[in-house]
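Okay, here's what each chain looks like letter by letter:
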Amino acid sequence: MLYFCFLIQTFFCFYENDFYYAPTVNQFLKNQKKLANDLFDGYDATIAPIYSQFDLSKPVDYDPMGPKRFNYSIFLYFLKIVEVIEPEEKVSVILEIAETWYDARLAWDPTLYNDIRILNDMIDFRDQDFRMVGVDYRGHINSTVSLKMSLNCPLDVTKFPFDSQTCVIQFSLPLFAFKFTQLFNQIYHGILDENVWKGMGNSEWDLVNLTNRVDILSYGDGFGDFQLATFEIKIRRNPMYYLYMIVLPSFIINTLSIIGVFMRKSDRMSKLNVGLTNIMTMTFILGVMADKIPKTGSIPLLGIHIVVNLFITVAAIGITVLIGKFKKSVSKKSMMSQKMMRTLEDWLDIICMVVLEGAIFANFFVIIGFWIWS
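In this text, all values refer to a predicted model and were calculated from it rather than measured experimentally.

Enquirer: How do you make sense of the state of the cysteines when you look at a structure like this?
Expert: As used here, a disulfide is simply a covalent bond connecting the sulfur atoms of two cysteines. Tallied over the full model, the rule gives one disulfide. Put simply, Cys153 and Cys167 are joined by a disulfide, and their sulfur atoms are 2.0 Å apart. In this structure, the disulfide formed by Cys153 and Cys167 twists by about -85° around the S-S bond and is classed as left-handed. Here the residue Cys153 occupies a position in the loop between strand S5 (140-152) and strand S6 (164-171), and Cys167 occupies one in strand S6, the gap between them amounting to 14 residues. In this structure, Cys153 and Cys167 share a single accessibility class: buried.

Below, the structure written as structure tokens:
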């Protein structure tokens, strides 16, 4: 019993803070409650704090002494690439952003509330989603939000699998033209670091650049123009999976197939079986690759590599068939002619094998060169 009481006493001593009972804190909480009641008494969140009585026939900010456009700022301080779905040209990312805007209805005189300059509140903006909102005495509102977004990002797969892609994330105020509003965007300097970018990609894609700007979406009528707060991300594919699972096996299979097709003591049917098996393997690899890329008009680099290997195998089979027909035509001639033709046939096999193997090695080193210099 004594031990239990000691534990209870220790527990409360650990969490209790006498400072919370100070009159200053109590007075602060009362003033904060009074401030919140005064600010939000009659406040209608459905009415936008945007001044719209501008003369739209005049240039933007035509009156330097008049009201300014509504300012809305977006501050990006975290980004994470979740997945890239190439056939759908869709990129999914997670964002942590802070928003800042001005609402004159939420400004107050700090001297009336014991010099309280910042008010924090929990406001329910969406179902099952609560956001922390901070308001200062000048009417500036700060809020943070986490988003998972799916971007429509057109992909250029010409250099696949050594490709880099550029995608844009854009925010706008679609109900208000840019003559009423002004957008700003910024990136937290702490994430503008290549070492930090390493943790923002995923197993297949690396983030290599992150920039921001404000674009104008114009319809040419002078009234319906909108500003777009744009964050541009550049991602680069990690090609190691495709090198180990497609390029290297393809190289080994083709090298051995050419040797098998031109082996001197193999019969013609065995040689054809080796070549046809290799053709089926290359066709299967093409099918696997086709499922990973969008159906665009450009042919990816890896596809060209596989097709070249396929043509080399087809050429090997065609040469084997021609040599077989040549051998049949020689079998009807004299013994001396047959001996000379057999020697010629052996040399043809060797020369064709060396030439085609050289083509396979050249094709392999070309794609490795793209990997090294990409």
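That covers the picture; the talk isn't over yet.
Enquirer: Before we go on, may I ask you to explain the nonpolar core in this structure?
Expert: Nonpolar side chains tend to gather and get buried jointly when the protein is soluble and globular. Counting 73 residues, the largest nonpolar core has Leu79, Val93, Leu95, Ile169, Phe171 and Leu302 as its most contacted members. Taken domain by domain, this core gets at least three of its residues from each of domain 1 (50-103 + 139-237) and domain 2 (241-373). Those residues in contact with Leu95, other than ones at most four positions away along the chain, are Leu76, Phe78, Leu79, Val145, Ser146, Leu147, Met149, Ile169 and Phe171.

Enquirer: Which parts of the structure should I look at to understand empty space enclosed by the protein?
Expert: A full pass over the atoms with the stated rule returns one cavity of 30 Å³ or more. Residue lining of the largest cavity: Phe54, Asp55, Leu56, Lys58, Pro59, Val60, Asp61, Tyr62, Arg69 and Lys179, and that is the complete set. A breakdown of the residues in the lining of the largest cavity according to their chemical character gives five nonpolar, no polar and five charged.

Enquirer: Help me understand the pattern of salt bridges, please; the structure alone is not making it clear to me.
Expert: Pairing of side chains with opposite charge becomes possible as their charged atoms draw close. As enumerated under the stated definition, the model contains eleven salt bridges in all. A salt bridge links Arg105 to Asp103; the nearest nitrogen and oxygen atoms lie 3.0 Å apart. On the accessibility criterion, Arg105 (32% relative accessible area) is partly exposed. The class for Asp103 is buried, based on a relative accessible area of 2%. With a closest N to O distance of 3.3 Å, Arg117 and Asp115 form a salt bridge. What makes Asp115 partly exposed here is its relative accessible area of 46%. Because the salt bridges share partners, they merge into one network encompassing Glu86, Asp163, Glu204, Arg237 and Lys292.

About the criteria used
Residues numbered from 1 in each chain as written. Predicted model: local features only at pLDDT ≥ 70, side-chain atom pairs only at ≥ 80, totals over all residues. Heavy atoms only, no water. Disulfide = S-S within 2.5 Å. Helix = DSSP H or I, 4+ residues; strand = E, 2+ residues; numbered from the N terminus. Buried < 20%, exposed > 50% of the residue type's maximum accessible area, 1.4 Å probe, protein only. Core = buried A, V, L, I, M, F, W, Y, C linked by side-chain atoms within 4.5 Å. Domains from an automatic or database assignment. Contact = heavy atoms within 4.5 Å. 1 Å grid on protein atoms, 1.4 Å probe; cavity = no way out; pocket = protein on both sides within 12 Å on 5 of 7 lines; lining within 4 Å. Points joined across faces, edges and corners; volume = space filled by probe spheres on them. Nonpolar A, V, L, I, M, F, W, Y, C, P; charged D, E, K, R; others polar. Salt bridge = Lys/Arg side-chain N within 4 Å of Asp/Glu carboxyl O.

Worth remembering: the numbers are spatial, not functional.
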